[in-house]
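# An overview of the molecular structure
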Amino acid sequence: MTVLAVVAAGLTVCSPVSAATSSDASLLSWAYLDSQNPHTKVVDAAVSPPVGTSRDDAGRAHTYRSYFTYDLTTLKGTVVHGSYLSTFEKTVTDCSAPATIEVWRTRPVKDDTTWLRPPAEIERLLTATRGAGAYCPGYLGLDMTATLNAALSRREKSITLEFRVTADQEADARTGRTFEKPALSVTANHPPTVANLHLAYPDRPCGTLTKPSPAARNTVFAATATDADEGDYPTVRYAIWPVDHPDQRREFRDYHGTDLSQYADGTVLAWQAQASDYDDQGPWSKTCYLVMDRTAPAKPPQVSSRTYPEGDSPGGGTGIEGTFRFDGAGDRDVVAFAWRDSMGYYGQVPARRPGGKAILKYTPKLRFVTDLYVASVDAAGNRGPEKNYRFRVAETAPYADVMVNGVGLPSRITFLASKLETTAFGYQLKDGPEVRLPAVDGKATGSITFTTTGQVEVAVRSYAKSKLIGQETMQVWVTDAPDVESAEFNLDTDQVAGKVGSFRFTPHSKDVTAYEYNLDGEWKTVPAEDDGTAVLPWTATPGWHSMIVRSVRADGSTSMETTYQFNIIDTRPSAYAHELSSWPRRDGVGVPLSIELQSQLPELTGFVYRFDGGAEQTVSSEGNPYAYITVTPTHAGDNAVVVQALLSNGTRSPATTYTFGIWSGPVVTQTPTGNGTVGRPATFTFHPGLPDVASYRYSLNGADEETVDAGPDGTATVTYTPGSSGYQEVRVTSVGADGTESDQRAQPFIVRDNRVNVYSTYDWSRVGIGWTGYFYFSTQLFGEVTEYHYRVNDGPEQVLPASTEGTSTRVAVPFDRNGTNTLHVQSLTAGGELSPVTDYDFTVGNAPYVVSAQYPNGTWSGGGGVPGTFEFSGGTAGIVSFSWQVDDGPSTDVQADSQGKASITYTPAQNFETHTLSVTGYKADGTATDATRYEIYVSNGA
């Protein structure tokens, strides 16, 4: 037995997902025996348990053995997953002397137990040497897992353990020591159990061998798992096998039904269930039995209803329950009926006897036409064909409308009959009494008082005398928010600021004493009159207004809120420069700026304005509520436009001053204008945005910042020749003579690439010599480039006119060399500028060249029965033969002539079919080329 030199607390920790629980077994009692008192024992003494031999004050030698009895009754029905007995030596007579400590499982300590009649030692559990240089006093512990499980299997209620020194050392007076009372820690789990085994949907019993339960192809197995450990979540596993083939037993979990279609009709199967938790599997249940029934009822059931007869004649009424009779017509295989309707509702009703009838009480959920689908069900749950029972529902519920007046105040409910025989109407709030109104000429009006806000259900009904003929439930939205009205301020008319008017607040609840409103961002209160209404006078202020109003009751409670919106026209026009909100900023001194002028005033004809103190100017609105003007700032910083609206009667509105800031960043102009080009110099001129500019700090395309002096007029120029294409920036800041710096301008500069771009779809192909590749040349200098000069590998230079209709120009290149090839291309502009050379590498494969006059590659042609000649050549040099194959047909070899060519004839069988011809070339040494896939599209021969 291995001694574990660890503390006991560290040995009983479980995995956090484990269901097992940890605790210490109760020490029922302990006792020790003393050789000096051979006719007695000491039980539960208030001393440390002694072991071995030690001398008393008189020099007499006492040999001790200690016994500990632990309670196992709390572990009944569990599996022990971990258990440790642990203790520490408290005193040792001589740590230099070796002592062999033994722990034994013994018979129980009895009333007559003495030194002369000790408990019989049954099983030695531990032999451990202490002292002699070891840690002293030291720890003593042992694994008790197997020992406790064995005791539980013997149904023992307790276990007694003996601590002693081994027999050949026991009399040595140096071996005496005392221990702490040992702790017996236990981690144990109750294996779960199963009960209530049955088959479900439909429910059937466990079944016996003489009376097995019927089961369909898909069967739901069910069992109840029980676990004595709190917080455990056991799962259930099932086993099934043919009764005459137990060797075919298989185990499974049933989540949503189990497929039993592998078993033939009439096969008797045995099955069991077993529950498991995280730690243990419980015992297998008793054996249940089922018999396979894979034959569903052959015919649909008979369905009838007096209330709702089948067909187009309306029956019953809206919301009226009907009685539907299902009949198995004597088919004793039928034990129930499954039904569903057009809305997705469903259910099942049992037959009164096998093959008999059943009654379904059902209220149609749809108006007008309803479909009820009914199928016969046998004891195994097999469903036969469905009967589609279609019927019409008479429109009998009343047409009802509620004019909601609020909470606690009478609202009006109006009825209109849908059936001539209607003599009365009924309405009822949830949990309230029904109120009936007599129908007069098919109509009625009543009073209904709501007590709560929100969505309220109101049941409405039609009666013919005392008979209910139709009903339905209305959803009514009830609010106690007040009404807000204004003759002057509403969404129909936009008043002009300064208009004097009022708002009228009307309550939708009782006991209203005031109104709280928020019109200008602040809550205010206006008292209510005796009738609960209030009038709020108001002088219009400009802008869009959203007023919130709520009523206040006498008890201080408030109603729901009403939002009332309207617009007031400003007497002053507005002005705004949209360009100033963009980033990066593009405005500056000398840069024209567009400003939008707006006014909603009636009879608007235009605007008059002054820019930055200049002369007054006029602009027409041309029938619109807006106009645009363009101004050119002459200085950075604040600029202002003063604007008035012009009206048709010749009057002007009050003036609006629109002040806006102009950026001080230098304005950058460029020569030539437009986008730049790699290799072509561009000149940038910096114009001052501030007075007395002495120099400019600038950076071109992210390069280090440089400085250039300003001329007498405050401008400066720099020349830049871009070496790369794409988006670039000129960043510049002006510096005044006094050191004043402007904002930094970031001026975009788009640079076009002067090199030719080459593109080809050939990149993915593996065709070889003889084929032609198509390449496309394009340039960012489209419109300037007139020619492309190109050559393939070391071949002669060729000239190709540049396309004037599209941005790319196509060139055909015959392949005459395997491996890597290079296409060298330059563009030439009308001004004689030749671009740098673009080298475009491409790889030519070695797949053979295939051609057919009758069936061009990938083109609908020829026809069924029309022969086609297919010529093979090229691909690579040294070809002596070819192999060819159509679709998945046999491969055929054909010899090549001295020029490496061969031909075959192939005749498609039918029109409008496609085939793939695969061709591979071979050299004399047997080396194969890549395969060519040639698509044959067979037309109709016309």
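Residue positions are given per chain, counting from 1 as you read along its sequence in written order. The predicted nature of this model means local features are confined to residues of pLDDT at least 70 and side-chain atom pairs, given and counted, to a pLDDT of 80 or more, with totals for whole chains, interfaces and linings taken over all residues. In computing side-chain properties, one takes all heavy atoms of the structure into account and sets aside hydrogens as well as water.

### Some thoughts on the overall build of the chain
Scanning the chain from terminus to terminus reveals 1 helix and 72 strands. Here the radius of gyration uses the C-alpha set of atoms, whereas the globule reference equals 2.2 Å times the residue count to the power 0.38. For the chain, whose C-alpha radius of gyration is 51 Å, the value lies well above the compact-globule estimate of 30 Å for 942 residues. Taken over 942 residues, the chain has a buried fraction of 46%. Restricting the contact set of the chain to residue pairs at least 6 apart, pairs at least 24 apart contribute 65%. The method behind every accessible area is Shrake-Rupley, applied with a 1.4 Å probe, and residues are considered shielded solely by the protein chains displayed. In the structure as shown, the chain presents an accessible area of about 47,700 Å², 49% of it carried by carbon and sulfur atoms. In DSSP terms, a helix is any run of H or I states spanning at least four residues, a strand is any run of E spanning at least two, and both are numbered starting from the N terminus. Summary of the burial criterion: residues with accessible area below 20% of their type's maximum are buried, those above 50% are exposed, and those between are partly exposed, where the area comes from a 1.4 Å probe applied to protein chains only. Whether two residues are in contact is decided by their heavy atoms, any of which lying within 4.5 Å being enough.

### Overview of the pattern of salt bridges
When charged atoms on two side chains of opposite charge get close, those side chains can pair. Between Lys or Arg on one side and Asp or Glu on the other, a salt bridge is scored when a side-chain nitrogen of the former is within 4 Å of a carboxyl oxygen of the latter. Overall, the coordinates contain 32 salt bridges when judged by the stated rule. We note a salt bridge from Asp112 to Arg117, for which the minimum N-O separation is 3.4 Å. Classification of Asp112 as partly exposed rests on a relative accessible area of 40%. Between Arg610 and Glu616 there is a salt bridge whose closest N-O contact spans 3.5 Å. Here Arg610 falls in the partly exposed class, since its relative accessible area comes to 40%. Here the salt bridges do not stand alone but share partners, grouping Arg65, Glu121, Arg164 and Glu170 into one network.

### Details of the pairing of strand β72 (residues 932-938)
On any regular strand, side chains alternate: one points to one face of the sheet, the next to the other face. In β72, alternate side chains face the same way, and those of Thr932, Tyr934, Ile936 and Val938 are buried while those of Arg933, Glu935 and Tyr937 on the opposite face are not. Bridge analysis of strand β66 (residues 860-861) against β72 gives 2 bridges, and the strand direction is parallel. Within the sheet, the bridge partner assigned to Trp860 lies in β72 and is Tyr937. With 7 bridges joining them, strand β71 (residues 913-923) and β72 adopt antiparallel strand pairing. Each residue of the ladder has a partner; that of Ser918, found in β72, is Arg933. For two strands to be treated as a pair, DSSP must find at least two bridges joining them.

### Some words on the packing of aromatic side chains
Classification of ring pairs rests on two measures: the distance between centres of Phe, Tyr or Trp rings, Trp counted by its six-membered ring, which must be within 6.5 Å, and the angle between planes, read as stacked under 30 degrees, edge-to-face over 60 and tilted in between. If you walk through the whole model with that rule in mind, you get 51 aromatic pairs. Pairing Phe324 with Phe391 gives two aromatic rings, centres 5.4 Å apart and planes at 45 degrees, and the pair type is tilted. Of this pair, Phe324 sits in strand β22 (residues 322-327) while Phe391 is found in strand β27 (residues 383-393), placing the two residues 67 residues apart along the sequence. In this structure, Phe324 and Phe391 share a single accessibility class: buried. Grouped by ring-pair contacts, the aromatic residues Trp30, Tyr32, Tyr64, Phe68, Phe163 and Phe179 constitute a single cluster. Geometry around Trp284 places Arg249 over its ring, the cationic atom sitting 4.6 Å from the centre. One residue, Arg436, lies across the ring of Tyr463, its end atom 3.6 Å from the ring centre. Distance and angle both matter: a charge sits over a ring if NZ of Lys or CZ of Arg is within 6 Å of the ring centre and within 35 degrees of the ring normal.

### Some details on the sheet that holds strand β44 (residues 593-598)
Taken in spatial order, the 3 strands make up an open sheet running β43-β44-β47, and their pairing is antiparallel. A single partner strand is all that each edge strand has here, and the edge strands are β43 (574-576) and β47 (626-631). Ignoring which end each strand starts from, the neighbouring axes of this sheet average 25 degrees apart. Both β44 and β47 contribute to a ladder of 6 bridges, which runs antiparallel. Across the sheet, residue Leu593 finds its bridge partner in β47, namely Val631. Note on geometry: axes are lines fitted to C-alpha atoms, helical ones only across the stretch in contact, with angles between N-to-C directions running from 0 to 180 degrees.

### Some remarks on the state of the cysteines
Put simply, a disulfide is two cysteine sulfurs that come within 2.5 Å. Enumeration according to the criterion identifies 2 disulfides in this entry. Each sulfur of the disulfide joining Cys95 and Cys136 lies 2.0 Å from the other. Measuring handedness by torsion sign, the sulfur bridge of Cys95 and Cys136 sits at about -75 degrees and is left-handed. In this pair, Cys95 sits in the loop between β6 (79-92) and β7 (99-106) while Cys136 sits in the loop between β8 (121-130) and β9 (139-143), placing the two residues 41 residues apart along the sequence. A relative accessible area of 28% means that Cys95 is categorised as partly exposed. Cys136 gets classed as partly exposed once you look at its relative accessible area, which sits at 25%. A disulfide bridge connects Cys206 with Cys288, and the sulfur atoms are separated by 1.8 Å. Judged by the sign of its S-S torsion, about -105 degrees, the cystine formed by Cys206 and Cys288 is left-handed. Separated by 82 residues along the polypeptide, Cys206 in the loop between β13 (193-200) and β14 (213-215) and Cys288 in strand β20 (residues 288-292) bring together distant segments of the chain.

### With respect to the side chain of Asp327
Tracing the backbone through its elements, the reader meets Asp327 in strand β22. As a buried residue without a salt bridge, Asp327 has its nearest oppositely charged side chain in Lys357, at a separation of 4.1 Å. For the purposes of these results, a polar contact is taken to be a pair of N or O atoms within 3.5 Å, where, inside protein, one atom must be able to donate a hydrogen and its partner to accept one; residues adjacent in sequence count only when each atom of the pair is a side-chain atom. In terms of polar contacts, Asp327 uses its side chain to reach the backbone amide nitrogen of Ala329, at 2.8 Å. Once residues within four sequence positions are removed from consideration, Asp327 is found in contact with Pro301, Gln302, Phe337, Gly355, Gly356 and Lys357. Only four residue types enter the tally: Lys and Arg on the positive side, Asp and Glu on the negative side; His and the chain ends are excluded.

### What about helix α1 (residues 145-153)?
All of the buried residues along α1 are Thr145, Thr147, Leu148, Ala151 and Leu152. For α1, the buried positions fall inside an angular range of 165 degrees around the axis, keeping them on one side. Away from its buried face by more than 90 degrees, α1 exposes Ala146 and Ser153. For α1, the secondary structure elements touched by its buried residues are β6, β7, β8, β9, β10 (158-165) and β12 (183-189). An arc is given here, and it is the one of the directions from the helix axis to the C-beta atoms.

### Remarks on the nonpolar core
Grouped together as the largest cluster of nonpolar side chains are 32 residues, with contacts concentrated most on Leu85, Met144 and Leu148. Here the element with the most residues in this core is β10; it accounts for 4 residues. Apart from the residues within four sequence positions on either side, Leu148 is in contact with Leu72, Leu75, Val80, Ser83, Ile159, Leu184 and Val186. Within the second largest apolar cluster, 23 residues are counted, among which are Phe607, Val641, Tyr658 and Ile662. Nine residue types can take part in a nonpolar core, namely buried Ala, Val, Leu, Ile, Met, Phe, Trp, Tyr and Cys, and a core is a set of them joined through side-chain atoms within 4.5 Å.

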